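# A look at the structure
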Amino acid sequence: MASILVVGLGGCSSKFKTYNGPEVTRVLVYKENRSMYLMHHDKVLKKYDIGLGFQPSGHKQHEGDGRTPEGAYLIDRRNPNSEFHLSLGISYPNETDRARASAIGKSPGGDIFIHGGPNRYIRGTKDWTAGCVAVSDSEIEDIYAMVKTGTPVMIYP
């Protein structure tokens, strides 16, 4: 009887979690170390291993270059229906990014997110995105609950 209850509850789980801990005041991404930190002021709340764009070295120059941008951004949107489980939008491109791409006659691109899936690329084992920051589906569920729109994001080389 107990095993039926456990199986039944497992089918009711949701990708939308709640979080009641300290506020995430900023997100720090360190590309070289493939690490992301959710911070409450100077205290690390969570650390994640990440995957990056398929061409991870250097700052994103233009659409299609496969690089993850570097610099100061914000979480500017939430996508509960993401192709990659859940996702949090990063405010790339900023004015400097647009000017840099324009100077070489290209579009800066956009749609840079922190997101989950697909499952074959998890735990920072492979750089496969078009320029996003990737974590596992279970990790993005926690991050999505913890990080609010407007949270600063710093992406370092």
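Below, the structure is looked at part by part. (Residues numbered from 1 in each chain as written. Predicted model: local features only at pLDDT ≥ 70, side-chain atom pairs only at ≥ 80, totals over all residues. Heavy atoms only, no water.)

### Here's the deal with the nonpolar core
General note: in soluble globular proteins, nonpolar side chains tend to be found buried as a group. Counting 26 residues, the largest nonpolar core has V27, M36, I143 and V147 as the members making the most contacts within it. Contributions of two or more residues to this core are made by strand 1 (26-30), strand 2 (35-40), strand 3 (43-49), strand 4 (71-79), strand 5 (87-90), strand 6 (112-115), helix 3 (137-146) and strand 8 (152-156). Counting residues per element, this core draws most heavily on helix 3, which supplies 4 residues. Sequence-distant contacts of V147, that is, excluding residues within four places in its chain, are made with V24, V27, L38, I75, R78 and L88. (Core = buried A, V, L, I, M, F, W, Y, C linked by side-chain atoms within 4.5 Å. Buried < 20%, exposed > 50% of the residue type's maximum accessible area, 1.4 Å probe, protein only. Helix = DSSP H or I, 4+ residues; strand = E, 2+ residues; numbered from the N terminus. Contact = heavy atoms within 4.5 Å.)

### Comments concerning the environment of D127
Within the element layout of this structure, D127 appears in the loop between strand 6 and strand 7 (133-134). Given the relative accessible area of 21%, D127 is considered partly exposed. A sequence separation of 74 residues divides D127 from G53, and the C-alpha atoms of the two residues are 5.4 Å apart. The residues contacting D127, other than those within four sequence positions of it, are R34, G51, L52, G53, F54 and P56. A polar atom in the side chain of D127 sits 2.7 Å from the side chain of R34. Side-chain polar atoms of D127 contact the backbone nitrogen of L52, separated by 2.9 Å. (Polar contact = N/O pair within 3.5 Å; in protein donor to acceptor, adjacent residues only side chain to side chain.)

### Observations regarding the side chain of S136
Tracing the chain through its elements places S136 in the loop between strand 7 and helix 3. Take S136: its relative accessible area is 8%, and that puts it in the buried class. A polar side-chain atom of S136 sits 3.3 Å from a polar atom in the side chain of S138.

### Let's talk about the pattern of salt bridges
Enumeration over the complete set of coordinates arrives at 11 salt bridges. Measuring nitrogen to oxygen at the nearest pair gives 2.9 Å for the salt bridge that ties D142 to K17. Remark: K17 occurs in the loop between helix 1 (2-10) and strand 1 and D142 occurs in helix 3; sequence separation between them is 125 residues. On the basis of relative accessibility, which here comes to 36%, the residue K17 falls in the partly exposed class. A salt bridge links D49 to K47; the shortest N-O distance between them is 3.1 Å. Residue D49 is classed as partly exposed on the basis of its relative accessible area of 29%. Looking at K47, the relative accessible area reads 44%, which means it is partly exposed. (Salt bridge = Lys/Arg side-chain N within 4 Å of Asp/Glu carboxyl O.)

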